Amino acid sequence: MTKQGLYESQKLGLWYMVAGLILFGAQNLFGLLIAYQYINPDFLFGLLDFNIGRILHINAMVVWLLLGFIGAIYWFLPIETGRETVGIKLGKLAFFVLVAAVTVVVLVYLFIQIGPGNQISLWFINEGREYIEAPRWADIGIVVVVLIFLYNVIATVIASKRLTGIMGVLIVDLVALAGLYLAGMFYTVNISVDQYFWWWVIHLWVEATWEVLIGCIMALSLMYVLKTPRKIVEGWLYLEVFLVFGTGILGLGHHYFWIGTPEYWLGIGGFFSALEPLPLVAMIIHAIYDAGAHKLRTVNRPALFWIFAQAFGNFFGAGVWGFMQTLPQINMYSHGTQLAASHGHMAFFGAYVATNIAVAYIMVQKLRDPEEKYVFDSKLWKWAYVLMIIGIVGMVGALMVAGFAQTEIERAVGGSGWQAYIDAQLHPWMAEAMWWRLGFGFIFFIGYILLIIDLLTIGKNKEELEVLPEAEVSHA
Amino acid sequence: MHNLLTGSDLLIIMLSGFFMILFAGAYTLLYGLGKITKKSKYIKISYIFAIAQFTAALMMITPDFLDPFWKYIIMFSACAYLFIPQGMWWVVHTSHTYWERQENNKDV
Ligand code: HEM
Ligand code: HEM
Ligand SMILES: [Fe+2]
């Protein structure tokens, strides 16, 4: 154990989170760059093209979110099992290998922006599947790192001779999550087949296995932040797994409407994904109940508020924005417009970014207030919270307006012709929205900077903190 | 998907879909708040959103554009959203009281 009473596993968890948050910054910078290129396409043209900035923006997102999740699990694992993680040295080695690999991949993206679509490109430059574009050598590296991570988790649980409900769900889910990644690694010449399996990774990650994963992380966080009894969070987790898998797995079909897959997917995809918001609405009740039952008494205010942001953000981003475009009859017109980007930003932020930030605050509290004597709080986190939420909602709103204009003008009225496309692109709802998106993107970025400053400083000055009443100091 | 779609049909269906889920969430939120703070005012307001949710669903199925199958699905979920707050409240509340009683017994 370290001097703050941290397990080595928790130290590793912290490294993962730090690496993730740095990458989050890079994601945002590339987001701002490509948002500006939408307005001024000549900007850096030939030097750093839109497609490269976009690759970096969305791949950085996927990687940083995963780094954060892995960090969260290394963090909570010793708490759940009551012991140091088995094979932690190997785990640390894997971390450095992963960080080095990510750096190399990013540099290669930046230096080799154009090339032939052949096996060499696929192995060394870019595998060409949106969101998971890492070249195959890195793919294999990622698989090895994830196997080490799985070994750490499973071996620790076995060694502790204690399998909690949360850990049981977590292990099954992690195995599924890692297994799905393999589906995105096989090149086929048939684009329909390629897309078919690629969606297994993307959709079955964000709408099934990631949802359950953050369900586990949220359960662990709630036990810490609100001291909710284990049995309650576990009971809730089982229900959530049932509902999310029940609707989300076949909801996959909403990506199989127009890619050359059989027609029955229209019915399956529309039916199941229309039901996907149900569990997200149900989660709202859970959030309110838990918060109310404890009268908002918490050891960590920023973490608690980011947990709320998660419950509502998940509902808005995935539920409201997803449902709006998920029926095949609608999707035929809205497919691939700015509505998809609007939904993507809200859902990823609401469901996953919020989760990682909550965990980051839990980690920082342990560093600065290991005995949990104080209510962890600051002024700055509120600014970061508000600015990031205003930023994302503003971007999402602008994109939604643009998406409606495209769907209506280009598709429904204009019949998807070339002229109709241009009409929609020139329409003020589209053209001006791109400025609004950029502006709100800056606001989001300021929020991010404040978040980082706050994470570096919160809790350092103990005089600013409220002392936790003696009776509530954790018994753990 | 045989009927022709007009621009206004599309707008109606998309916007009603958006508001349907949004109101379902507002209904759930207010219902939960009312229960937890024991203020019946919130619960009363929440029912307005329940009605709004259901109305949005009805709006979604007014254009001829959707086939009956899809209209049934939409109305099925609209009915489900009416009872989610009560149902989930019951589930969460029952499990809380049950487990809290267990915990208390253990302490004694
Ligand atoms: C946290 C969960 C979710 C995340 C992170 C997420 C994210 C995304 C992203 C990034 C895209 C764009 C994919 C692309 O690049 O083509 C997308 C597309 C889509 N999502 Fe989600 N989504 C989530 C949940 C949902 C739910 C619950 C629904 C349905 C109720 C849904 C319905 C759709 C549909 C229909 C599309 C296709 C849009 C199109 O045709 O252009 N999503 N989602
Ligand atoms: C600094 C603020 C940000 C700006 C200015 C920004 C801007 C952009 C731009 C211009 C695109 C390309 C859209 C296109 O190809 O048409 C994009 C794509 C995307 N961004 Fe961001 N972004 C920001 C933050 C974020 C955050 C915080 C997330 C989520 C965690 C995110 C997730 C995504 C996703 C999932 C896509 C792909 C969407 C799709 O193709 O449907 N972005 N972003
Ligand atoms: Fe999906």
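No experiment lies behind these values; they were computed from the predicted model shown. (Residues numbered from 1 in each chain as written. Chains lettered and ligands numbered in written order. Predicted model: local features only at pLDDT ≥ 70, side-chain atom pairs only at ≥ 80, totals over all residues. Heavy atoms only, no water.)

Caption draft 1: Region of the structure containing the overall build of chain B. A count of helices and strands for chain B gives three helices and zero strands. Reading chain B from its N end, one meets helices and strands in the order α-α-α. Taking 13 Å as the expected radius of gyration for a compact globule of 108 residues, we find that chain B reaches 19 Å, considerably beyond that expectation. When the backbone C-alpha atoms are referred to their principal axes, chain B occupies close to 70 × 30 × 15 Å. Out of the 108 residues in chain B, the part that is buried amounts to 42%. Once local pairs closer than 6 in sequence are excluded, the contacts in chain B between residues at least 24 apart make up 62%. Of the roughly 5,900 Å² of accessible surface on chain B, 69% is carried by carbon and sulfur atoms. (Helix = DSSP H or I, 4+ residues; strand = E, 2+ residues; numbered from the N terminus. Rg over C-alpha atoms; globule rule 2.2 N^0.38 Å. Buried < 20%, exposed > 50% of the residue type's maximum accessible area, 1.4 Å probe, protein only. Contact = heavy atoms within 4.5 Å. Areas by Shrake-Rupley, 256 points an atom, 1.4 Å probe, with all protein chains shown as cover.)

Caption draft 2: Expanded view of the site of ligand 1. Residues and elements named next belong to chain A. Surrounding ligand 1, one finds 26 residues, the nearest of these being Tyr131, Asn331, His335, Gly336 and His343. Within the contact set of ligand 1, a nitrogen atom lies 3.4 Å away from a side-chain nitrogen or oxygen of Glu207. Separating a nitrogen atom of ligand 1 from a side-chain N or O atom of His343 is a distance of 2.8 Å. Those elements giving two or more residues to the shell around ligand 1 turn out to be α7 (191-225), α11 (301-324) and α13 (338-368). For the shell around ligand 1, the element with the highest residue contribution is α13, accounting for seven residues. (Near = heavy atom within 4 Å. Polar contact = N/O pair within 3.5 Å; in protein donor to acceptor, adjacent residues only side chain to side chain.)

Caption draft 3: Local environment of the nonpolar core. All names here are of chain A. Counting 172 residues, the largest nonpolar core has Trp210 and Trp306 as its most contacted members. Not counting residues up to four positions away in its chain, the partners in contact with Trp306 are Phe349, Ala354, Ile357, Ala358, Tyr361, Tyr385 and Met388. Formed by 10 residues, the second largest nonpolar core is a distinct cluster that contains Phe30, Leu48, Ile52 and Ala138. (Core = buried A, V, L, I, M, F, W, Y, C linked by side-chain atoms within 4.5 Å.)

Caption draft 4: Fine view of the site of ligand 2. Residue and element names in this part refer to chain A. With respect to spatial proximity, 23 residues lie near ligand 2, and among them Gln27, Tyr38, Arg54, His57 and His345 are the closest. Interatomic distance of 2.5 Å between a side-chain N/O atom of Tyr38 and an oxygen atom of ligand 2. Contact distances for ligand 2 include 2.7 Å between a nitrogen atom and a side-chain N or O atom of His345. If you list the elements that add at least two residues to the shell around ligand 2, you get α1 (8-39), α2 (50-81), α13 and α16 (428-457). Along the lines of polarity and charge, the residues of the shell around ligand 2 split into 14 nonpolar, six polar and three charged. Split by domain, the residues of the shell around ligand 2 number at least three in each of domain 1 (7-148) and domain 3 (298-460). (Nonpolar A, V, L, I, M, F, W, Y, C, P; charged D, E, K, R; others polar. Domains from an automatic or database assignment.)

Caption draft 5: Representation of the packing of helix α14 (residues 380-413) of chain A against helix α1 (residues 7-37) of chain B in the model. With their axes 10 Å apart at the nearest point, α14(A) and α1(B) run at an angle of 150 degrees to one another. Judged by the angle between their axes, α14(A) and α1(B) are roughly antiparallel. The interaxial crossing formed by α14(A) with α1(B) has right-handed handedness. Where α14(A) approaches α1(B), its residues A:Met400, A:Phe404, A:Thr407, A:Glu408, A:Ala412 and A:Val413 are matched on the opposing element by B:Gly7, B:Ser8, B:Leu10, B:Leu11, B:Met14, B:Leu15 and B:Phe18. Across the contact of α14(A) with α1(B), the residue classes tally to nine nonpolar, three polar and one charged. (Axes fitted to C-alpha atoms, helices over the stretch in contact; angles between N-to-C directions. Parallel < 35°, antiparallel > 145°, perpendicular 65-115°, else oblique. Left-handed = near helix turned anticlockwise from the far one by under 90°.)

Caption draft 6: Expanded view of the coordination of the iron atom of ligand 2. Residues and elements named next belong to chain A. Binding of the iron atom of ligand 2 to the protein goes through His57 (NE2) and His345 (NE2), at separations of 2.0 Å. For the iron atom of ligand 2, the six donor atoms are set out with angles of 86 to 179 degrees between them, so the coordination reads as octahedral. Residue His57 is located in helix α2, and its partner His345 is located in helix α13; the two are separated by 288 residues in the primary sequence. Note on His57: relative accessible area 11%, which makes it buried. (Donors = N, O, S within 2.8 Å, 3.2 Å for Na, K, Ca; no water. Tetrahedral: all angles 85-135°; square planar, octahedral: opposite > 155°, others 65-115°.)

Caption draft 7: Focus on the coordination of the iron atom of ligand 1. Among protein atoms, the single one acting as a donor to the iron atom of ligand 1 is A:His343 (NE2), 2.0 Å away. Summarising the element assignment, A:His343 is placed in helix α13.

Caption draft 8: Quick look at α7(A). All names here are of chain A. Of all bends in α7, the biggest is about 60 degrees, found at Trp205. Most of α7 is tucked away: 28 of the 35 residues are buried. The N-capping residue of α7, defined by a side-chain oxygen 2.8 Å from the backbone nitrogen of Ser192, is Asn190. Directly after α7, the chain includes Lys227, whose backbone phi takes a positive value near 55 degrees. (Bend = angle between axes of the 7 residues up to and from the residue.)

Caption draft 9: View of the domain arrangement of chain A. Residue and element names in this part refer to chain A. The domains assigned to chain A are domain 1 (7-148), domain 2 (164-297) and domain 3 (298-460). Using only C-alpha atoms to locate each centre, domain 2 and domain 3 end up separated by 19 Å. Counting residues at the interface gives 28 residues for domain 2, matched by 29 residues for domain 3. Taken together, the links from domain 2 to domain 3 amount to one salt bridge. The residue Glu372 makes a salt bridge to Lys227 at a minimum N-O spacing of 3.3 Å. At the boundary of domain 2 and domain 3, one finds nine residue pairs in polar contact (both at pLDDT 80 or more). When residues of the side of domain 2 that touches domain 3 are traced back to their parent elements, those giving at least two are α7, α9 (264-275) and α10 (277-293). Here the element with the most residues in the side of domain 2 that touches domain 3 is α7; it accounts for 10 residues. Taken together, the residues that form the side of domain 2 that touches domain 3 break down as 21 nonpolar, four polar and three charged. (Salt bridge = Lys/Arg side-chain N within 4 Å of Asp/Glu carboxyl O.)

Caption draft 10: How the structure looks around the interface of chain A and chain B. If you look at the interface, chain A gives 43 residues, while chain B gives 44 residues. Across the chain A to chain B interface the summed buried area is about 3,900 Å²; carbon plus sulfur atoms make up 87%. There are zero salt bridges connecting chain A and chain B. Of all the secondary structure elements, the ones that give two or more residues to the side of chain A that touches chain B are α8 (230-251), α9, α10, α11, α12 (328-334) and α14 of chain A. Per-element tally for the side of chain A that touches chain B: the top contributor is α10(A), with 12 residues. (Buried area = accessible area lost by both parts, 1.4 Å probe.)

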